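# Structural description and commentary
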Amino acid sequence: MSREQIPDINLTVSDGTVQFRITAGWEAEFIGADFPQLVDDTRTVHTPLCDSAATLSFKCKKENTVVEKDCVLHIRGTYGTCSKKPNLIPEPAQWHATGGVLKSIRTFSCDNALHDAVTDFVKEFTLITDLELTESENADLMFSTDTTLAYLGEEGYEIECGNNTIRVQSCTAVGAVWAGKTICQLMAQGGFPNGMMRDYPKYSVRGFMLDAGRKPVSLEMLRQIVTAMSFYKMNDFQIHLSDNYIWLEDYARNGDADTFDAYQAFRLESSLQNKNGETATAKDYSYSKAEFRDFIRWAKTKGVHITPEIDVPAHALAFTKTFPEFAVMGEVSSLMNKRPLTDHINIADPAALEFVKQIFDDYTKGEAPVFPNGTVVHIGADEFLSDYGAYRRFLNEMIPYLKATHTVRLWGGLTWIKDTPETPIAKEAINGVQMNLWSCGWCDGREMYDLGYDLINTVDTYMYIVPHGGKKRAPYSDYINKRKVFREFEPNRVQLKEKSAFVRLPAGSKQILGSCYAIWQDNIDKRCAGITEPALYDRFADSLALFSEKNWGACTDKHTCKEIDKAAHVLQNALQKSEKPFSAQSNITLSGGSSFVNGGCKKLGEKAKLDLQIEFQEVRPGQILLESDAPYGTHDIRITENGKLGFTAENLEYEFDYIPVPHKKLHLVFETKPTKAVLRVGLLTEKRAVGCFSFDGTVRKSGIKYASFRIPAERIGSKTNAVQAHIYSIKTK
């Protein structure tokens with residue numbers, strides 16, 4: 001559209017309300033402001049502490065022409081120009097400094113409505129600062145509710161620090177949770193600066209997605225991720241609970257049925273049994289219904305919503321293997337002509353559609369559903385390549401079915417998946433439904449916006465991590481290109497199918513919920529890359545601060561991604577307390593079987609060196625030198641089946657090309673690095689670990705050189721099958 005066809009809009013503020021005039025002949029409808037905490041839906045201005053800006057969006061009409069226009073409104077604050085903000089991630093929306101720093105707090109008080117939130121804050125405060133807080137009526141730190149702050153939204157809060165006290169006010173418990181994170185971050189740096197803070201997010205969904213379907217991820221790791229997200233006020237953790245190996249053609253040489261041998265998993269305990277009494281629940285690792293229900297509730301106390309995703313009707317090999325009567329058989333992908341569609345549920349069959357409903361009923365129905373009311377439930381719905389008409393009818397039936405009890409989220413696919421003539425999508429399958437925008441070919445951002453979906457920007461061009469063990473920062477690689485994201489990405493900037501161009505949607509539209517970056521675990525099974533939980537956490541944490549700033553939306557003091565990383569580095573020690581150090585020990589005799597001494601810590605950190613002088617009395621496969629308890633599989637250093645030294649972790653087995661000599665004093669150093677593990681023998685010999693991955697009793701991938709290994713240190717020796725050896729000394733270097 002030419003510039004002449006875009007009207008001018010003039011904004012003024014009169015009696016605390018925004019007034020506007022538009023070019024003659026045009027009409028304008030106010031859509032909203034990017035910060036409704038500054039200008040609300042009635043166009044009322046809420047005076048900020050300091051000079052601020054809000055972007056107001058309008059829909060403009062003239063005869064048959066409709067355009068959208070964003071206009072920036074500068075609002076004078078009570079205290080004029082904003083002071084330099086404290087070192088926080090994310091930056092607070094408003095800040096006015098008054099000088100000085102409160103360096104110590106010892107007591108707290110809170111309203112009854114905030115009791116749970118403040119109790120959790122007190123525990124975290126002690127963990128981070130090593131300072132104990134006690135409850136007192138005349139407290140240094142006071143949390144209270146104030147309904148007049150409703151205009152800040154449910155996540156907003158105010159903090160005033162001065163006269164040796166901190167006063168926190170919020171309208172809801174969530175606001176108090178986020179205020180607590182702010183206090184923890186600042187007190188960990190030496191104190192809370194005196195002044196006034198008013199804080200709130202720009203976007204309601206500030207998310208991260210983890211594929212736990214194609215690789216087990218322990219509940220302990222999920223909790224670590226929630227804790228880190230909460231620290232940075234990221235509030236939506238989407239967990240991809242079911243999926244399978246992509247390259248099914250690798251298994252299809254003898255027909256469709258052989259593809260059921262490919263790696264597949266559904267991580268939740270299931271009540272649905274086939275005729276043989278089997279369920280789709282993964283056998284290598286899964287979450288019980290009770291522990292996942294408790295996990296969702298616990299995360300909510302941290303301000304983090306868990307969005308469970310059960311991916312149907314594609315990527316569903318865990319279900320079609322267990323219930324093959326519902327699988328798409330005899331079809332291949334239109335994209336990969338040798339790839340069977342056996343991981344697709346045949347939703348053209350009414351019985352299969354009822355089966356899908358039963359899958360979700362197992363978690364959304366009953367007196368104490370696994371996914372409690374209020375939980376957003378993700379149905380997957382991505383990359384379906386069978387009957388397109390059946391897919392669109394599936395959405396029309398399945399989404400309203402689930403909407404009766406839960407908000408529904410899905411992956412965008414409707415730009416690609418169109419039958420002829422096109423089956424329309426019912427309003428009930430659109431209104432109030434959340435959509436992850438990912439690939440513009442599958443879901444054109446503008447088209448999905450015009451359809452009416454609530455959008456979460458997950459565009460693969462910026463947001464997709466697919467670890468393979470390298471260090472490249474690029475889409476579908478190991479790390480986010482943070483410089484590119486900082487310069488170019490905004491949640492309301494979406495990608496179009498045509499020429500893959502980007503456009504900005506109205507900044508004030510309520511359909512733009514926020515954004516979500518994602519880790520996908522494509523490199524499994526026959527293409528296993530050896531990625532373990534420490535490596536996944538590293539990739540998650542690497543971009544966490546950046547997306548915290550992008551989604552909270554108030555980042556004005558930090559002008560490069562390096563500045564964000566620098567601020568995050570300062571806070572990192574507060575976020576991740578190191579475990580107890582490994583205790584150096586000497587003169588340990590291990591006699592096989594159940595023989596061990598405590599190592600003093602669960603595992604060593606990254607870039608660790610374990611130095612030991614040892615004499616083996618025998619070298620027998622399966623004997624264990626060090627071990628730690630693991631949520632699945634084993635985590636140990638052992639003698640491998642080939643009589644060599646090696647280790648196991650997360651269903652991976654590695655070995656060094658070195659056979660220890662019995663009855664000889666040896667000097668061994670195990671060294672871990674971000675991408676490899678090495679064994680040094682004496683002064684000259686160095687051996688790099690090489691691994692393999694097995695599933696269902698067969699080796700699927702060997703020759704894996706990438707190793708993100710953490711040395712187990714819970715026990716020197718083993719509960720069950722220790723080595724027979726004398727350890728002269730064992731220590732870290």
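A brief structural summary. Model, not experiment: these values are computed from the prediction.

Rules behind the numbers
- Residues numbered from 1 in each chain as written.
- Predicted model: local features only at pLDDT ≥ 70, side-chain atom pairs only at ≥ 80, totals over all residues.
- Heavy atoms only, no water.
- Helix = DSSP H or I, 4+ residues; strand = E, 2+ residues; numbered from the N terminus.
- Rg over C-alpha atoms; globule rule 2.2 N^0.38 Å.
- Buried < 20%, exposed > 50% of the residue type's maximum accessible area, 1.4 Å probe, protein only.
- Contact = heavy atoms within 4.5 Å.
- Areas by Shrake-Rupley, 256 points an atom, 1.4 Å probe, with all protein chains shown as cover.
- Lys, Arg positive; Asp, Glu negative; His and termini not counted.
- Charge placed at Lys NZ, Arg CZ, Asp CG, Glu CD.
- Pairing = 2+ DSSP bridges.
- Axes fitted to C-alpha atoms, helices over the stretch in contact; angles between N-to-C directions.
- Polar contact = N/O pair within 3.5 Å; in protein donor to acceptor, adjacent residues only side chain to side chain.
- Phe/Tyr/Trp six-rings, centres within 6.5 Å; stacked < 30°, edge-to-face > 60°.
- Lys NZ or Arg CZ within 6 Å of the ring centre and 35° of its normal.
- Salt bridge = Lys/Arg side-chain N within 4 Å of Asp/Glu carboxyl O.
- Core = buried A, V, L, I, M, F, W, Y, C linked by side-chain atoms within 4.5 Å.
- Expected span 1.5 Å × (residues − 1).
- Arc of directions from axis to C-beta.

## Topic: the overall build of the protein
Looking only at helices and strands, the protein features 12 helices and 37 strands. Over its C-alpha trace the protein gives a radius of gyration of 28 Å, about what one expects of a compact globule, namely 27 Å for 733 residues. Along the first, second and third principal axes, the C-alpha set of the protein runs to 95 × 70 × 50 Å. Buried positions account for 58% of the 733 residues belonging to the protein. The long-range fraction of contacts in the protein, counting pairs at least 24 apart against all pairs at least 6 apart in sequence, stands at 71%. As presented, the protein carries roughly 30,100 Å² of accessible surface, and 47% of it is formed by carbon and sulfur atoms. Within the protein, one finds 86 positive and 94 negative side-chain charges whose respective centroids are separated by 6 Å.

## Some words on the sheet that holds strand β10 (residues 157-162)
The strand order across the open sheet built from 7 strands is β6-β12-β10-β11-β9-β7-β8, with neighbouring strands paired in mixed fashion. Two strands close off the open sheet at either side, each with one partner strand: β6 (94-102) and β8 (134-135). The sheet strands contacting helix α1 (residues 115-129) are β7 (107-110) and β9 (141-145), and the helix crosses β7 at an angle near 160 degrees. Its contacts with the sheet put helix α2 (residues 173-187) on β6, β9, β10, β11 (165-170) and β12 (192-199), and the angle it makes with β10 is roughly 40 degrees.

## Looking at the side chain of Lys550
Mapped onto the elements, Lys550 comes out in helix α11 (residues 533-552). When its relative accessible area of 9% is taken as the criterion, Lys550 is described as buried. A polar contact of 2.9 Å, which involves the side chain of Lys550, links it to the backbone oxygen of Phe486. Within the structure, the side chain of Lys550 is placed 2.8 Å from the backbone oxygen of Phe489, a separation counted as a polar contact. Ignoring sequence-local partners within four residues, the contact set of Lys550 consists of Tyr203, Val485, Phe486, Phe489, Glu490 and Pro491.

## A few points about the packing of aromatic side chains
Applying the stated rule across the entire model yields 40 aromatic pairs. Judged by centre distance (6.3 Å) and plane angle (65 degrees), the ring pair of Tyr263 and Phe693 falls under edge-to-face. Taken together, the positions of Tyr263 in the loop between β15 (242-244) and β16 (264-266) and Phe693 in strand β35 (residues 690-695) put the pair 430 residues apart, joining distant regions of the chain. Exposure remark for Tyr263: the relative accessible area of 2% places this residue in the buried category. Taken together, a centroid distance of 5.8 Å and an interplanar angle of 55 degrees make the contact between Tyr464 and Trp520 tilted. With Tyr464 in strand β22 (residues 464-465) and Trp520 in the loop between β25 (512-519) and α11, this residue pair connects regions lying 56 residues apart in the sequence. Each member of the pair, Tyr464 as well as Trp520, is classed as buried. An aromatic cluster of at least three residues, connected via ring pairs, comprises Phe266, Tyr285, Tyr287, Phe292, Phe295, Trp298, Phe319, Tyr363, Phe371 and Tyr632. Positioned over the ring face of Trp298 is Arg223, at 4.5 Å from the centre of the ring.

## Side note on unusual backbone geometry
Omega for the bond connecting Ile89 with Pro90 falls within 30 degrees of zero, at -5 degrees, which places this linkage in the cis form. Structurally, Pro90 can be placed in the loop between β5 (65-75) and β6. Omega for the bond connecting Val312 with Pro313 falls within 30 degrees of zero, at 0 degrees, which places this linkage in the cis form. Tracing the backbone through its elements, the reader meets Pro313 in the loop between β17 (305-312) and α5 (317-322). Positive phi values are uncommon outside glycine, yet Glu63 reaches one of about 55 degrees. Following the sequence through the fold, Glu63 ends up in the loop between β4 (52-62) and β5.

## Some words on the pattern of salt bridges
A pair can form between side chains of opposite charge whenever their charged atoms are brought close. Applying the stated criterion across every chain yields a total of 44 salt bridges. Across the pair Arg339 and Glu249 runs a salt bridge whose closest N-O atoms are separated by 2.7 Å. Separated by 90 residues along the polypeptide, Arg339 in the loop between α5 and α6 (350-364) and Glu249 in the loop between β15 and β16 bring together distant segments of the chain. Across the pair, Glu249 and Arg339 agree in class, each one buried. In this structure, the salt-bridge partner of Asp542 is Arg473, at a minimum N-O distance of 2.8 Å. With a gap of 69 residues between them, Asp542 in helix α11 and Arg473 in the loop between β22 and α10 (482-488) connect regions that are remote in the sequence. Assessed through its relative accessible area of 35%, Arg473 is described here as partly exposed. Ionic contacts of the salt-bridge type, sharing partners, join the residues Lys602, Glu627, Asp629, Glu714 and Arg715 into one network.

## Considering the nonpolar core
Where a protein is soluble and globular, its nonpolar side chains tend to be buried together. By size, the foremost hydrophobic cluster in this structure holds 178 residues, and its most contacted members are Val39, Ile183, Phe237 and Phe292. A per-element tally of this core places α11 first, with 9 residues. Setting aside anything within four residues of it in sequence, one finds Phe237 in contact with Phe208, Leu210, Leu222, Ile225, Val226, Met229, Phe295, Val304, His305, Ile306 and Thr307. In this structure, Trp247, Ala327, Ile639 and Leu666 belong to the second largest nonpolar core, which totals 53 residues.

## Notes on the sheet that holds strand β3 (residues 27-33)
The sheet built from 3 strands is open, its strands ordered β3-β4-β5 with antiparallel pairing. Each edge of the open sheet is held by one strand with a lone partner, namely β3 and β5. For this sheet, the mean inter-axis angle between neighbouring strands, taken without regard to orientation, is 30 degrees. Pairing analysis gives 11 bridges linking β4 to β5, with the strands arranged antiparallel. Looking at the pairing, Cys60 lines up with Val67 of β5.

## With respect to helix α4 (residues 289-301)
In an α-helix, one turn spans 3.6 residues; hence positions three or four apart end up facing the same way. Taking 1.5 Å of rise per residue, the 13 residues of α4 would be expected to cover 18 Å, and the 19 Å separating its terminal C-alpha atoms lies within 8% of that figure. All of the buried residues along α4 are Lys289, Phe292, Arg293, Phe295, Ile296 and Ala299. One side of α4 holds all its buried residues, which, seen down the axis, span an arc of 155 degrees. Positioned one or two residues after α4, Gly303 has a phi angle of 85 degrees, which is positive.

## Some remarks on the environment of Arg493
Summarising the element assignment, Arg493 is placed in strand β23 (residues 493-495). Taking the C-alpha atoms as reference, Arg493 lies 30 Å from Leu149; in sequence the two are 344 residues apart. When neighbours within four sequence positions are excluded, Arg493 is seen to be in contact with Asn457, Tyr462, Glu488, Phe502, Val503 and Arg504. Within the structure, Arg493 has its side chain in polar contact with the backbone oxygen of Glu488 (distance 3.3 Å).

## A word on the pairing of β9
Within a regular strand, the side chains alternate between the two sheet faces. The pairing of β7 with β9 spans 3 bridges and is classified as parallel. Paired with Phe108 across the bridge in β9 is Leu141. With 5 bridges connecting them, β9 and β11 associate as parallel partners. Residue Met142 lies in a different strand from β11, and its bridge partner there is Arg167.

## Some details on the environment of Arg446
Along the chain, Arg446 falls in helix α8 (residues 445-451). Linking Arg446 and Ile417, residues 29 residues apart in sequence, is a C-alpha distance of 16 Å. Not counting residues up to four positions away in its chain, the partners in contact with Arg446 are Glu68, Val494, Leu496 and Leu505.

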